[in-house]
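Structural description and commentary
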Amino acid sequence: MISIWIMALVFLTGCGASAGETGYRQVGMEDAVAMMEEESGYIILDVRTPEEFGERHIPGAINIPNETIGTEEIPDLPDREQLILVYCRSGNRSKQASEKLADLGYTNIVEFGGINDWEGETVSE
């Protein structure tokens, strides 16, 4: 009986550790909108392709495609402690980009999914 509890504890501890290792936070769309209303000095980062960004994006967002985020410094993101709200089309690339940004030393990354779920205003170029 005790071994079952120990195994359960080890399993749960392992799950918690791996979730904490992402280096970024994930929030839902409603929480992201609330953060945009309450916070200041943040960056909204769209990690889709330039073509997708041009079709429509969240007002004020900057575009740095996920595929271009690697191991080198990003001139458009000089402050590694600044709040960066990351999105893509559906949420897959934004998770990848958030992980890469965390690996580069960015400490305040919030991933909030995709523009497919965005109900607010959008703009196009």
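This write-up is about the structure you can find in this document. None of the values given here were measured: they were computed from a predicted structure.

Comments concerning the environment of A61
- Tracing the chain through its elements places A61 in the loop between α3 (50-55) and β3 (62-63).
- Assessed through its relative accessible area of 11%, A61 is described here as buried.
- When sequence neighbours within four positions are dropped, the list of residues in contact with A61 reads I44, D46, F53 and Y87.

Structural notes on the environment of G91
- With respect to the secondary-structure elements, G91 resides in the loop between β4 (84-88) and α4 (92-103).
- Among the residues examined, G91 registers a relative accessible area of 3% and is labelled buried.
- Considering only alpha carbons, one finds G91 and D117, 26 residues apart in sequence, at a separation of 9.5 Å.
- Those residues in contact with G91 that sit more than four places away from it in its chain are E111, G113 and G114.

Some details on the pattern of salt bridges
- Enumeration over the complete set of coordinates arrives at three salt bridges.
- The partner of D46 in a salt bridge is R48, and the shortest N-O contact between them spans 2.7 Å. Like D46, the residue R48 is buried in the burial classification.
- A salt bridge links K95 to E111, with the shortest nitrogen-to-oxygen separation between them at 3.8 Å. You can see K95 sitting in helix α4 and its partner E111 sitting in strand β5 (residues 109-114), a full 16 residues away along the chain.
- Since its relative accessible area comes to 32%, K95 is described here as partly exposed.
- Judged by relative accessible area, which is 2%, E111 ranks as buried.

Let's talk about the packing of aromatic side chains
- Throughout the structure, instances matching the rule amount to two aromatic pairs.
- Each residue in the set Y87, F112 and W118 is aromatic and connected to the rest through ring pairs, giving one cluster.
- If you follow R80 out to its NZ or CZ, it ends over the ring of Y106, 5.0 Å from the centre.

Let's talk about α4
- The terminal C-alpha atoms of α4 lie 17 Å apart, and with twelve residues this matches the ideal 16 Å at 1.5 Å per residue to within 8%.
- Every buried residue belonging to α4 is among R93, S94, A97, S98, L101 and A102, and all of these are buried.
- Where the residues of α4 are buried, they touch β2 (43-46), α3, β4 and β5.
- Just downstream of α4, G105 is the residue with a positive phi angle, here 105°.

Procedures and definitions
- Residues numbered from 1 in each chain as written.
- Predicted model: local features only at pLDDT ≥ 70, side-chain atom pairs only at ≥ 80, totals over all residues.
- Heavy atoms only, no water.
- Helix = DSSP H or I, 4+ residues; strand = E, 2+ residues; numbered from the N terminus.
- Buried < 20%, exposed > 50% of the residue type's maximum accessible area, 1.4 Å probe, protein only.
- Contact = heavy atoms within 4.5 Å.
- Salt bridge = Lys/Arg side-chain N within 4 Å of Asp/Glu carboxyl O.
- Phe/Tyr/Trp six-rings, centres within 6.5 Å; stacked < 30°, edge-to-face > 60°.
- Lys NZ or Arg CZ within 6 Å of the ring centre and 35° of its normal.
- Expected span 1.5 Å × (residues − 1).

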